[in-house]
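# Structural overview
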Amino acid sequence: MIVVLRTFAIASVGVALFKLLHLPLPWLMGPIFACLAAALAGVKMRGIKPLNDTMRTILGVAVGATLTPAVLATFPAMWPTLLLVPIMVAVIGVIGVPYFQRFCGYDFATAYYATMPGGLQDMIVFGEEAGANVRTLSLIHATRVMVIVVALPFLLIGIWEADLSNPPGAPATSIPPLELLLMAVCAIAGWRLAKRVGLFGASILGPLIITAALTLAGGLHNRPPAEAIWAAQFFIGMTIGTKYAGITMAEIRKDLAAGLGFCGILIVLTLIFVEAIYGLGLAPGMETLLAFAPGGQAELTVLALIVGADVAFVVAHHVLRIFVVIMGAPLAARVFRTRLAK
């Protein structure tokens, strides 16, 4: 319990410092940097996974509440960009696997599952079954998520002059108590049902589906309050930072350096796809960047909510990316291994 309380205190200090220095996204970036700094200094930290997952349900409710009939009517227009998602995943694989295997010296299983831009937990499970180095996978994927989340705000500000100081929702006092209760029920019930049927990303997608159904039926007219979104940011940021707890100098020299190099590759690939999609007039630039950036689904959802982007567009592309990676990872790994062996 002392370790958990220490972790919360460190993350809270990060929020306070970011607010004091007027830095962007204090509830998300503050915990990330504070916990990362503490981890690199050798401080023991740990969160509470059930509580972290509970906070993620807020994002599912937030997205589901945006899926009105008018928004759903725009879905058919997404198909050209949705078709590019598996293409981008394939390009990442073709470049990333040789990078990790030949340039960084990892075995094939570790190189492959370090490359795939899926959920961290899913890639660790698949990688462990394939004989990969689980600790390396954890550090590389944590680095991918962290770098993307840190880089995007600067790109959003620099290119589109996005206002990251906007509150992510209305105050809780302005939302009818009945709707707040319904949101809480959608969050917990959706998560539990999705987990029971084995749906990937259950803590987000389950609440999203239940909330969307209620919204379409006219039962909800608001998103979760700003206070709830800030809480979700806090726990997401803390979770990212604590992934580095216990990191050694050897891991910093090899795994962290390899992860940072791969992040550079990912950012370049993302900007190429964004420029092509925007240049062809298939989608607005800011939404495209948020939709194709290979970060975590939760983190990108938070950014979309804050900058006022089309959340449904962003989430649809990330759900497809995760689905493509999870469903195709074992088969693609087999094909990759066969071709590299020749």
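For the structure itself, look to the data block above.
In what follows, the accompanying structure is described. (Residues numbered from 1 in each chain as written. Predicted model: local features only at pLDDT ≥ 70, side-chain atom pairs only at ≥ 80, totals over all residues. Heavy atoms only, no water.)

### Description of unusual backbone geometry
- One non-glycine residue with positive phi stands out, namely His22, at about 55°.
- Mapped onto the fold, His22 is located in the loop between α1 (2-20) and α2 (26-40).
- Positive phi is not limited to glycine here, since Leu25 has a value of about 50°.
- You can see Leu25 is positioned in the loop between α1 and α2.
- Judged by its relative accessible area of 3%, Leu25 is buried. (Helix = DSSP H or I, 4+ residues; strand = E, 2+ residues; numbered from the N terminus. Buried < 20%, exposed > 50% of the residue type's maximum accessible area, 1.4 Å probe, protein only.)

### Quick look at the packing of helix α7 (residues 108-115) against helix α9 (residues 134-160)
- Remark: α7 packs on α9, axes separated minimally by 9 Å, with the N-to-C direction vectors making an angle of 25°. Taken together, the axes of α7 and α9 are roughly parallel relative to one another. In terms of crossing hand, the pair formed by α7 and α9 is right-handed. Contact with α7, carried on its side by Thr110, Tyr113 and Ala114, involves Thr136, Leu137, Ile140 and His141 of α9 and no other residues of that element.
- A per-class count over the contact of α7 with α9 returns four nonpolar, three polar and no charged. (Axes fitted to C-alpha atoms, helices over the stretch in contact; angles between N-to-C directions. Parallel < 35°, antiparallel > 145°, perpendicular 65-115°, else oblique. Left-handed = near helix turned anticlockwise from the far one by under 90°. Contact = heavy atoms within 4.5 Å. Nonpolar A, V, L, I, M, F, W, Y, C, P; charged D, E, K, R; others polar.)

### Focus: the pattern of salt bridges
- For the coordinates displayed, the defined rule picks out two salt bridges.
- Among the salt bridges present, the one from Asp53 reaches Lys49, with a minimum N-O distance of 2.8 Å. Here Asp53 pairs with Lys49, and both are found in helix α3 (residues 49-64), just four residues apart, close to one helical turn.
- Owing to a relative accessible area of 16%, Asp53 belongs among the buried residues under this scheme.
- A salt bridge links Glu251 to Arg135; the shortest N-O distance between them is 3.0 Å. With Glu251 in helix α13 (residues 249-279) and Arg135 in helix α9, the pair connects residues that are 116 residues apart, well separated along the chain. (Salt bridge = Lys/Arg side-chain N within 4 Å of Asp/Glu carboxyl O.)

### Regarding the nonpolar core
- Counting residues in hydrophobic clusters, the biggest one holds 105 residues, and the most contacted among them are Phe100, Met146, Leu152, Tyr244, Leu290 and Val307.
- If we ignore the near neighbours within four places in the chain, the residues touching Phe100 are Gly105, Tyr106, Ala111, Ala114, Thr115, Ile140, Ala258 and Phe262.
- Ranked by size, the runner-up nonpolar core spans six residues in total, among them Val61, Ile175, Met183 and Ala187. (Core = buried A, V, L, I, M, F, W, Y, C linked by side-chain atoms within 4.5 Å.)

### Observations regarding the environment of Leu152
- Tracing the chain through its elements places Leu152 in helix α9.
- Considered as a pair, Leu152 and Val319 are 167 residues apart in the sequence and their alpha carbons are 19 Å apart.
- Beyond its immediate chain neighbours, meaning those up to four positions away, Leu152 contacts Leu289, Leu290, Ala293, Leu300 and Leu303.

### Some thoughts on the packing of aromatic side chains
- For the coordinates displayed, the defined rule picks out 14 aromatic pairs.
- Ring centres 6.4 Å apart and planes at 20° place the aromatic pair Trp27 and Trp230 in the stacked group. Taken together, the residues span a long stretch of sequence, with Trp27 in helix α2 and Trp230 in helix α12 (residues 226-242) at a distance of 203 residues.
- Overall, Trp230 belongs to the partly exposed group, its relative accessible area being 29%.
- On the numbers, 5.9 Å between centres and 45° between planes, the contact of Phe100 with Tyr106 is tilted. By the burial criterion, Phe100 is buried, and Tyr106 matches it.
- Ring pairs connect the aromatic residues Phe8, Trp27, Trp230, Phe234 and Phe235, which therefore count as one cluster. (Phe/Tyr/Trp six-rings, centres within 6.5 Å; stacked < 30°, edge-to-face > 60°.)

### Observations concerning the side chain of Thr242
- Examined against the element boundaries, Thr242 turns out to sit in helix α12.
- Looking at Thr242, the relative accessible area reads 17%, which means it is buried.
- Those residues in contact with Thr242 that lie beyond four places of it in its chain are Thr7, Cys35 and Met45.

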